[in-house]
Amino acid sequence: NPNLNNVTITNNTTSNSGGGIYCGDNSGPTFTNCIIKDNTTALQGGGIAILWGSANLKGCRIINNTVIGTSGGDGGGGISVFNSNVQIDSSIVAHNSESQNDGGGLLVRSSGGSSSITITNSVFYSNTSVDEGGAINIDGGNSSGSIVNTICWNNSAGSNWNEINVGNSGENVDVSYCDIEGGYY
C-alpha cells in the first residue's frame, strides 16, 4: 500500500472514475499533506475515487474537482467512496462540484458490500451537488460514519440538505462536536 507525502495531483481528466486518483480492488494508500485539485471525471470522484478498498487522508486539500457527466455516474465531486473504508483527518474539502447525483464534497455509498467513513478535524466548504448532500452524502444500507470536530459551511445541494445528507436505508452516522450550517439529516 503506497504512502504519498507532500504530493500535488492536478489538472487530470478521465471518462472513468477518479479524476485525479483511482483507488480500487483492495488498495489501501495513505495520503499525507497532499493537494488534489482541478481534476475532472465523467463518473464519480472528481478528485479521488475509492472503490472496494481503503484510504487514509491526513492534512490534505481536495479543492476544485468536478464530476461533469450527465448520466450513469454517482457523483462525489471531491471524493467518492464505494464499498470502502476511509479516514479523513485535518483536511480541507472545498469548491468541488458534481452534476450527476449526490455528494458535492464527499459521496459515501454501498451496494453489495459496506462503506465506512471517519472524518475528524476537517472543513467542507463551498461544495455543490446537483441533488443531495452539498458537503457530504452518505447512503446505501451498509454505509456508516463518524464525523467529529468538523465544519460544514456554505455548501449547496439542488434538492436536499446543503450540508450533510444521510439516507434512510439503515445508515448509521454519528455526528458530534461539529459546526454544520443549518444542521444535517
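If you're wondering where the values come from, they're calculated on a predicted model, not measured in any experiment. (Residues numbered from 1 in each chain as written. Predicted model: local features only at pLDDT ≥ 70, side-chain atom pairs only at ≥ 80, totals over all residues. Heavy atoms only, no water.)

Points about the overall build of the protein chain
Now for step 1: Summing up its helical and strand segments, the protein chain has zero helices and 26 strands in all.
Now for step 2: By principal-axis analysis of the C-alpha atoms, the protein chain measures approximately 35 × 35 × 30 Å.
Now for step 3: The proportion of buried residues among the 185 residues of the protein chain is 51%.
Now for step 4: Of the contacts formed within the protein chain by residues at least 6 apart in sequence, a portion of 82% connects residues at least 24 apart.
Now for step 5: Element-wise, carbon and sulfur atoms account for 43% of the exposed surface of the protein chain, whose accessible area totals about 7500 Å².
Now for step 6: If you average the places of the 4 positive and of the 14 negative side-chain charges in the protein chain, the two averages end up 14 Å apart. (Helix = DSSP H or I, 4+ residues; strand = E, 2+ residues; numbered from the N terminus. Buried < 20%, exposed > 50% of the residue type's maximum accessible area, 1.4 Å probe, protein only. Contact = heavy atoms within 4.5 Å. Areas by Shrake-Rupley, 256 points an atom, 1.4 Å probe, with all protein chains shown as cover. Lys, Arg positive; Asp, Glu negative; His and termini not counted. Charge placed at Lys NZ, Arg CZ, Asp CG, Glu CD.)

Here we look at the sheet that holds strand E9 (residues 54–58)
Now for step 1: If you trace the seven strands from one edge of the open sheet to the other, you get E1-E5-E9-E13-E17-E21-E25, paired in parallel fashion. Because the sheet does not close on itself, it has two edges, and the strands there are strand E1 (3–5) and strand E25 (172–176). The average angle at which neighbouring strand axes cross in this sheet is 5°, direction not considered.
Now for step 2: With six bridges joining them, strand E17 (residues 115–120) and strand E21 (residues 143–148) adopt parallel strand pairing. Bridged to Ile117 within E21 is Gly145. (Pairing = 2+ DSSP bridges. Axes fitted to C-alpha atoms, helices over the stretch in contact; angles between N-to-C directions.)

Some thoughts on a nonpolar patch on the surface
Now for step 1: Nonpolar side chains collect at one region of the surface, where Tyr125, Ile151 and Trp153 lie side by side and expose about 270 Å² of accessible area between them.
Now for step 2: Looking at the secondary structure, you find Trp153 in strand E22 (residues 151–153).
Now for step 3: For Trp153, a relative accessible area of 36% translates into the label partly exposed. (Patch = residues over 30% accessible without salt bridge, like charges linked within 9 Å, V, L, I, M, F, W, Y side chains within 5 Å. Salt bridge = Lys/Arg side-chain N within 4 Å of Asp/Glu carboxyl O.)

Some words on the pattern of salt bridges
Now for step 1: Tallied over the full model, the rule gives three salt bridges.
Now for step 2: Note that Arg109 and Asp102 form a salt bridge whose closest N and O atoms lie 2.8 Å from each other. Pair check on accessibility: Arg109 and Asp102 agree, each one buried.
Now for step 3: A salt bridge links Arg109 to Asp139; its shortest N-O distance comes to 2.7 Å. Linking Arg109 in strand E16 (residues 106–109) with Asp139 in strand E20 (residues 136–139), this pair joins segments that are 30 residues apart in sequence.
Now for step 4: The class of Arg109 is buried, set by a relative accessible area of 12%.
Now for step 5: According to the relative accessible area criterion, Asp139 is buried, its value standing at 13%.

Quick look at the environment of Ser146
Now for step 1: Among the secondary structure elements, Ser146 is positioned in strand E21.
Now for step 2: Separated by 109 residues in the primary sequence, Ser146 and Lys37 have C-alpha atoms spaced 25 Å apart.
Now for step 3: Excluding its chain neighbours within four sequence positions, the residues that come into contact with Ser146 are Ile117, Thr118, Ile119 and Asp174.

Focus on the nonpolar core
Now for step 1: Counting 32 residues, the largest nonpolar core has Leu57, Ile79, Leu106 and Ile136 as its most contacted members.
Now for step 2: Dropping the residues within four chain positions of it, Leu57 is found in contact with Phe31, Ile48, Ile62, Ile79, Val86, Gln87, Ile88, Asp89 and Ser91. (Core = buried A, V, L, I, M, F, W, Y, C linked by side-chain atoms within 4.5 Å.)

Some remarks on the packing of aromatic side chains
Now for step 1: Tallied over the full model, the rule gives one aromatic pair.
Now for step 2: A centroid spacing of 5.8 Å and a plane angle of 75° characterise the contact between Trp52 and Phe82, whose relative ring orientation is edge-to-face. With Trp52 in the loop between strand E8 (48–51) and E9 and Phe82 in strand E12 (residues 79–82), this pair connects stretches of sequence that are 30 residues apart.
Now for step 3: Accessibility expressed as a relative area gives 40% for Trp52, which makes it partly exposed. (Phe/Tyr/Trp six-rings, centres within 6.5 Å; stacked < 30°, edge-to-face > 60°.)

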